Amino acid sequence: MNSKEYYRNYHADDSIIELNEDLVDLVMDEKPNHVLEFGCGTGKHLNIIQHEDNVPCTGLDISFKNTATATLKHNINCVITGDETHLRHLCNYDVVFTCSVLDHVPEEMFIPIVNELKRIANKCV
């Protein structure tokens, strides 16, 4: 089973630890008007950003279980169930981030995905 097949039925951990808070702080340091998380899992990062900082968020995740949790539990504005092929339909987010996703993509997909994320982001830091 490849990683895409595995994560298609995966339900991510929804608990918040200090590392998650640090990631959200880095995102918010950019003072974004809108945010995209590639591989949003259950939406736990976006939940903090959207509801505590009132920033519209979009999440993209390959797992329907995760996107259902992001939508139903965390009430994320926009959640897409899909993979890296959906990135080509997105553009103009102030901040685009990912956490622990690129570790699981095939080596030949790494650079194309990073290039898509850079294209989507209004600014790169």
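Everything below is about the structure shown above.
What comes next concerns the included structure. Keep in mind that what you see is a predicted model, and the values were worked out from it rather than measured. (Residues numbered from 1 in each chain as written. Predicted model: local features only at pLDDT ≥ 70, side-chain atom pairs only at ≥ 80, totals over all residues. Heavy atoms only, no water.)

Quick look at the packing of helix α2 (residues 18-29) against helix α3 (residues 44-52)
Part 1 of the argument: Look at α2 against α3: their axes get within 10 Å of each other, and the N-to-C directions meet at 45°. With respect to their mutual orientation, α2 and α3 come out oblique. The way α2 lies across α3 gives a crossing that is right-handed. From α2, N20, L23, V24, V27 and M28 reach across to α3, where they touch K44, H45, I48 and I49. (Axes fitted to C-alpha atoms, helices over the stretch in contact; angles between N-to-C directions. Helix = DSSP H or I, 4+ residues; strand = E, 2+ residues; numbered from the N terminus. Parallel < 35°, antiparallel > 145°, perpendicular 65-115°, else oblique. Left-handed = near helix turned anticlockwise from the far one by under 90°. Contact = heavy atoms within 4.5 Å.)

A short note on the packing of aromatic side chains
Part 1 of the argument: Using the criterion set out here, one finds three aromatic pairs in the structure.
Part 2 of the argument: Each ring, one from Y6 and one from Y10, has its centre 5.7 Å from the other, and the planes form 40°; the classification is tilted.
Part 3 of the argument: Both rings, one in Y7 and one in Y10, keep their centres 5.1 Å apart while their planes meet at 70°; by these two values the pair is edge-to-face.
Part 4 of the argument: What makes Y7 partly exposed here is its relative accessible area of 24%.
Part 5 of the argument: Accessibility expressed as a relative area gives 31% for Y10, which makes it partly exposed.
Part 6 of the argument: Each member of the aromatic cluster is reached from another via a ring pair, and the members are Y6, Y7 and Y10. (Phe/Tyr/Trp six-rings, centres within 6.5 Å; stacked < 30°, edge-to-face > 60°. Buried < 20%, exposed > 50% of the residue type's maximum accessible area, 1.4 Å probe, protein only.)

Some points on the environment of V101
Part 1 of the argument: Residue position: V101 is located in the loop between β4 (95-98) and α5 (107-120).
Part 2 of the argument: Judged by relative accessible area, V101 falls into the buried class, the value being 17%.
Part 3 of the argument: Residues V101 and D61 lie 40 residues apart in sequence; the distance between their C-alpha atoms is 9.7 Å.
Part 4 of the argument: Every residue in contact with V101, bar those within four places of it in the chain, is listed here: F38 and G39.

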